[in-house]
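Okay, here's what each chain looks like letter by letter:
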Amino acid sequence: MIILGIETSCDETGISLYDTKIGILTNKLFSQNKIHTKYGGIMPEIASKNHYKKIFIVLNKALKKTKKKIKDINIISYCAGPGLPNSLLIGTALAKSMSLIYKIPSIPINHIEAHIMSIMINKKVPKFPFISLVTSGAHTLLCIVKNYGKYKIIGQSLDDSAGEIFDKISILLKLKLPGGKYISKIAKYSNKNLNFPKPLINKNTLNFSFSGLKTHIFNYIKNNKLNFKNKANIAFSLQESITNILIKKIKLASKKYKINTLSIVGGVSSNKILRKKMFNLTKINKKIFFNNKKLCTDNAAMIAYTGWKKYLFNKKIKNNFEIDIKPKWKINENFKN
Ligand code: KG4
Ligand code: ZN
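Reading the values: rules and limits
- Residues numbered from 1 in each chain as written.
- Chains lettered and ligands numbered in written order.
- Predicted model: local features only at pLDDT ≥ 70, side-chain atom pairs only at ≥ 80, totals over all residues.
- Heavy atoms only, no water.
- Core = buried A, V, L, I, M, F, W, Y, C linked by side-chain atoms within 4.5 Å.
- Buried < 20%, exposed > 50% of the residue type's maximum accessible area, 1.4 Å probe, protein only.
- Helix = DSSP H or I, 4+ residues; strand = E, 2+ residues; numbered from the N terminus.
- Lys, Arg positive; Asp, Glu negative; His and termini not counted.
- Salt bridge = Lys/Arg side-chain N within 4 Å of Asp/Glu carboxyl O.
- Polar contact = N/O pair within 3.5 Å; in protein donor to acceptor, adjacent residues only side chain to side chain.
- Contact = heavy atoms within 4.5 Å.
- Donors = N, O, S within 2.8 Å, 3.2 Å for Na, K, Ca; no water.
- Tetrahedral: all angles 85-135°; square planar, octahedral: opposite > 155°, others 65-115°.
- Pairing = 2+ DSSP bridges.
- Axes fitted to C-alpha atoms, helices over the stretch in contact; angles between N-to-C directions.
- Domains from an automatic or database assignment.
- Buried area = accessible area lost by both parts, 1.4 Å probe.
- Nonpolar A, V, L, I, M, F, W, Y, C, P; charged D, E, K, R; others polar.

Leu-142, Phe-210, Ile-234, Leu-238 and Ile-242 are the most contacted members of the largest nonpolar core, which has 44 residues in total. When residues of this core are traced back to their parent elements, those giving at least two are strand S6 (130–135), strand S7 (140–147), helix H5 (162–172), helix H6 (179–187), helix H7 (211–223), helix H8 (228–257), strand S9 (261–265) and helix H9 (272–280). Considering every element that reaches this core, the biggest residue donor is H8, with eleven residues. Of all hydrophobic cores here, the second largest spans 30 residues; its members include Ile-109, Val-134, Tyr-148 and Trp-308.

For the rest of this paragraph, the subject is the side chain of Lys-286. Its place among the elements puts Lys-286 in the loop between H9 and strand S10 (287–289). Here Lys-286 sits buried without a salt bridge, and the closest side chain of opposite charge, Glu-240, lies 20 Å off (N-O distance). Side chain to side chain, Lys-286 and Asn-260 meet in a polar contact 3.1 Å long. Here Lys-286 is in contact with Ser-254, Asn-260, Leu-262 and Leu-281, once residues within four sequence places are set aside.

Within the first shell, the zinc ion (ligand 2) binds the protein through His-111 (NE2), His-115 (NE2) and Asp-298 (OD), at distances of 1.9 to 2.0 Å. One can describe the site at the zinc ion (ligand 2) as tetrahedral: its four donor atoms subtend angles covering 99 to 130° at the metal.

In spatial order, the strands read S8-S7-S6-S9-S10; together these five strands make up an open sheet with mixed pairing. Every interior strand has two partners, whereas the edge strands, strand S8 (150–156) and S10, have only one. Each strand of the sheet is rotated relative to its neighbour by a mean of 25°, with strand direction disregarded. Bridge analysis of S6 against S9 gives four bridges, and the strand direction is parallel. Counterpart to Ile-131 in the pairing with S9 is Leu-262. Packed onto the sheet, H8 meets S6, S7, S8 and S9 and runs at close to 155° relative to S6.

Let us look at the domain arrangement of the protein chain. When cut into domains, the protein chain gives domain 1 (2–111 + 296–335) and domain 2 (123–290). Taking the mean C-alpha position of each, domain 1 and domain 2 sit 26 Å from one another. Contact with domain 1, which involves 16 residues of that partner, is made by 18 residues of domain 2. When domain 1 packs against domain 2, close to 1,600 Å² is buried across both sides, 68% of that on carbon and sulfur atoms. Applying the counting criterion to the domain 1 and domain 2 interface returns zero salt bridges. There are three residue pairs in polar contact (both at pLDDT 80 or more) connecting domain 1 and domain 2. Secondary structure elements with two or more residues in the side of domain 1 that touches domain 2: helix H1 (33–37) and helix H11 (301–313). Here the residues of the side of domain 1 that touches domain 2 sort into six nonpolar, seven polar and three charged.

Below is the structure:
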């Protein structure tokens, strides 16, 4: 089967074609990072406008590259949330209209679930049950993945996500988006750890809180000169705080639930220092699973793959045009998108 994946939840226009025998045929992306850097953050209206402008171009490129026609597509899998409403609308409108015109079933997919499932696209995959740390621009959460479609959230951010802090501080340091990427680049030139706070790190909780760290750095920047060395020190210290918190919490989750197979997904999981620290956990008997960078950040292959799994696990398909499968877990209403 060929699955078409469509991702437009934030600022990446993603189209993928996934062959259930071969794997990813293409995973095309148009990123709006440059556009939103100018505004100091993601501008929802500008994001949706650019999805609209680019989505057919990206779709055509994907079809051309794989030499596939629309009639070769068996299932359309699209991101239905969480995300920016008007951005989601573009992908949804494309999926539903293609579904109606070409009579192809369409499947709405939860973005967080797709990040979790992205780890299963690789050659070496974790065995169930495993712990997944989802760390992206919009979410930071820990869950136990019991099987396809069966998740239990065991911890989540009470306020901002780790990615959000990277992005906001990057803009304050006059760097670019995605913040984490540019923060980690400049952090290499640091000569001093400023020992920024690490909220909740030593508390017996699997929840996260990053807003205090953000305020602390806001104040530090206000009261100190921003030369290159100081910027590098801020970047390094921020990266240290966030990565240490994430590692400590995934270790605690592993201990609490006695699960030694761990995965880390989402944009922040492409961070080299975090990956190094995660890899060190293999020395204490943990099995660690990462994605390659293209599957860490937002992409449509993870949407296509999750759609395929949902299709397989949903035996009773009545409505041919939409298979409405609700995720088995609720996203905390505190999550802002
Ligand atoms: O998963 P993602 O593409 O989008 C959401 O679902 O939100 O994650 C984007 C986040 C951004 O906050 C960005 O700063 C962060 O991933 N990110 C990184 C790195 N590359 C992207 N964070 C740390 N280190 C990186 N190398
Ligand atoms: Zn994402």
